[in-house]
Amino acid sequence: MSTFSSIPHCMDRDFTCCAFGSMVVFHGSRRAFPELRPNTKLDLLKFKPYQDLGLLHLLKDSGRKHNIPLKFSISSQKLPQPYGFVIRSDYPQNADLPRYYSKKEKKPFPIPIVDLRRAARERLKSRKGQPRRPAPPPKNGLLVKRLVPVAYDVLNARVTLINNLKKLLKVVTVHACKNCNEIHVGPIGHPFKSCKGPRAPSHRGLHEWSKATIEDILLPIEAYHLHDRLGKRIRHEQRFSVPRIPALVELCIQAGVEIPQYPVKRRRKPIIWIGKSEFIDADESELPDLEPETTHRPILTEIPDWEIEPPSSGEETVSLAEETLLAWETMIEGATKLMKKYPVRVCGYCPEIHIGPSGHKAQNCGAYKHQQRNGQHGWQTAVIDDLIPPRYVWHVPDVNGPPLQRELRSFYGQAPAVVEMCVQGGASVPENYKPTMRLDVGIPLSVREAEMVV
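Let me begin by describing the structure that accompanies this report.

1. Description of the sheet that holds strand S6 (residues 183–185)
Read from one edge of the open sheet, three strands run S6-S5-S7, paired in antiparallel fashion. In the strand order of this sheet, the two ends are held by S6 and strand S7 (209–211), each with one partner. For this sheet the average axis-to-axis angle between neighbouring strands, irrespective of direction, equals 35 degrees. Note: strand S5 (residues 174–177) against S7, three bridges, orientation antiparallel. When the bridges of S7 are listed, cysteine 177 appears paired with tryptophan 209. The sheet strands contacting helix H9 (residues 417–424) are S5 and S6, and the helix crosses S6 at an angle near 20 degrees.

2. Remarks on a positive patch on the surface
Together, Arg123, Arg127, Arg133, Lys139, Arg146, Lys337, Lys340 and Lys341 line one region of the surface with positive charge. Looking at the positive patch element by element, the count peaks at three residues for helix H7 (residues 314–341).

3. Some points on the nonpolar core
Ranked by internal contacts, the top residues of the largest apolar core, which has 64 residues, are Leu251, Trp328, Leu338, Ile353 and Leu387. In terms of residue count, the dominant contributor to this core is helix H4 (residues 148–168) (eleven residues). In this structure leucine 387 touches Ile221, Ala247, Leu248, Leu251, Ala335, Met339, Ile353 and Ile355, once residues within four positions along its chain are discounted.

4. Here's the deal with the sheet that holds strand S14 (residues 379–381)
Ordered in space as S13-S12-S14, the three strands form an open sheet in which the pairing is antiparallel. Strands with a single pairing partner mark the edges of an open sheet, and in this sheet they are strand S13 (353–355) and S14. Each strand of the sheet is rotated relative to its neighbour by a mean of 35 degrees, with strand direction disregarded. In this sheet, S13 lies alongside strand S12 (residues 344–347) in antiparallel orientation, the contact comprising three bridges. By the bridge assignment, valine 344 is partnered in S13 with isoleucine 355. Running at roughly 10 degrees to S13, helix H6 (residues 247–254) makes contact with S12 and S13 of the sheet.

5. Here's the deal with H9
Counting buried residues along H9, seven of its eight residues qualify, which places the element largely inside the surrounding structure. Along H9, the positions that sit buried rather than exposed are Ala417, Val418, Val419, Glu420, Met421, Cys422 and Val423.

6. Thoughts on the packing of H4 against H7
For the pair H4 and H7, interaxial distance at closest approach is 8 Å and the crossing angle is 145 degrees. Every pair of crossing elements has a handedness; the one defined by H4 and H7 is left-handed. Across from Val150, Ala151, Asp153, Val154, Ala157, Arg158, Thr160, Leu161, Asn164, Leu165, Lys167 and Leu168 in H4, the residues of H7 making contact are Leu320, Ala321, Glu323, Thr324, Ala327, Trp328, Thr330, Met331, Gly334, Ala335 and Leu338.

7. As for the pattern of salt bridges
For the structure on display, the rule yields 14 salt bridges. With its nearest N and O atoms 2.8 Å apart, the salt bridge here joins aspartate 281 to arginine 267. With aspartate 281 in the loop between strand S11 (279–280) and H7 and arginine 267 in the loop between H6 and strand S10 (272–273), this pair connects stretches of sequence that are 14 residues apart. Connected via shared salt-bridge partners are Asp228, Lys265, Arg267 and Asp281.

8. Re unusual backbone geometry
Between proline 137 and proline 138 the backbone carries a cis peptide bond, its omega angle lying at 5 degrees. For arginine 204, which is not glycine, the phi torsion reads 55 degrees and is therefore positive. Note that arginine 204 resides in the loop between S6 and S7. For arginine 204, a relative accessible area of 69% corresponds to the exposed category. We note that arginine 391 has phi near 55 degrees; this positive angle belongs to a residue other than glycine. Counting through the fold element by element, arginine 391 comes out in the loop between helix H8 (384–387) and strand S15 (392–394). For arginine 391, a relative accessible area of 15% puts it in the buried group.

Definitions and limits used
- Residues numbered from 1 in each chain as written.
- Predicted model: local features only at pLDDT ≥ 70, side-chain atom pairs only at ≥ 80, totals over all residues.
- Heavy atoms only, no water.
- Pairing = 2+ DSSP bridges.
- Helix = DSSP H or I, 4+ residues; strand = E, 2+ residues; numbered from the N terminus.
- Axes fitted to C-alpha atoms, helices over the stretch in contact; angles between N-to-C directions.
- Contact = heavy atoms within 4.5 Å.
- Patch = residues over 30% accessible without salt bridge, like charges linked within 9 Å, V, L, I, M, F, W, Y side chains within 5 Å.
- Areas by Shrake-Rupley, 256 points an atom, 1.4 Å probe, with all protein chains shown as cover.
- Salt bridge = Lys/Arg side-chain N within 4 Å of Asp/Glu carboxyl O.
- Lys, Arg positive; Asp, Glu negative; His and termini not counted.
- Charge placed at Lys NZ, Arg CZ, Asp CG, Glu CD.
- Core = buried A, V, L, I, M, F, W, Y, C linked by side-chain atoms within 4.5 Å.
- Buried < 20%, exposed > 50% of the residue type's maximum accessible area, 1.4 Å probe, protein only.
- Left-handed = near helix turned anticlockwise from the far one by under 90°.

Just distances and angles here, no functional claims.
Printed below as a string of structure tokens:
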């Protein structure tokens, strides 16, 4: 390794090498060395300061100390400062959870404003003197054909997820606080004092647990249904006349899903721009009439609550958990692909979502200091967590073991509620959720043992 070859000559000394997992640290009693001064080229070629050093052997013996005799030669100059070098591994072990923003804070932009302006200037500079390019779909009013199957997959995955979660709730216990919006997956509610509800001071921050429902796990995020996604913006006077449906369903409809209950305008020719923000529809009278299509994929339906039957065996529970986790990942990945083409807006102050190129004009924002904005929303680009809130909960290492302890809170990890339910149901943990669940962190058996951890 090139890192070891950078060690200069020094006198005959014993140096100590400590290997801790994927990190190797060298310590010495001398200070920083002056630059290498070999006598001849032959001495330089024969110089092997790490001939007894095996990196793989050190990594296997994690936590042990090795005395490695290194032979160097140095001048009689003063040695100014201590030296040392570290070999680290970039393998992700633990990851921090997304930052919690209070109701008084505005959500950050996914891409900083400075970067957006810089990209816009570069885009204008590169297009200067060139003819205007036609807008690609869906900006020209047409559908993105390759994303239509993805929209159907997302919608069916959402229905499958809801039906399976209703069945898992029969075998996996989920608690919901009566005073705040926090939930917990496990046989016993956690003892942490994190309640922020109106009755929290009387309970000293402790939660008052009750049985959770499907709405506590999958938050019902709704949005206005647009008959024409390129039409005029919804005014404040129309806020009660325009129907509201689940935001993810509205995204799938705009991406090509046909639902008879929610009609939408489909264009067969690109729109014609007559101004910076004005356009007209192209003449489609010369096109042949559309035949009723029967090739659309079937759309699943939700099972009523009174028809839900719990799994009859442990193997069926594990299979149901695996299917639920697959539906969750399919929904997340598909919705992320749709959001890259079909714009989704979110208010920076409240959870309001709008599926479309620009947000609506309804003045119904009730967030912190909404009077200064006259109730108007502060629209910005949404991320997947705004459309599908993950609802992080505490990860229970052993369901049949001792309950979570308040003093060992820093040793526990977290995961989305759906993932935690599937894991407790018997499904294997996905790789992308392992860093936040802290599966590689050893949990002390007692508080006294935790106090001994450095």
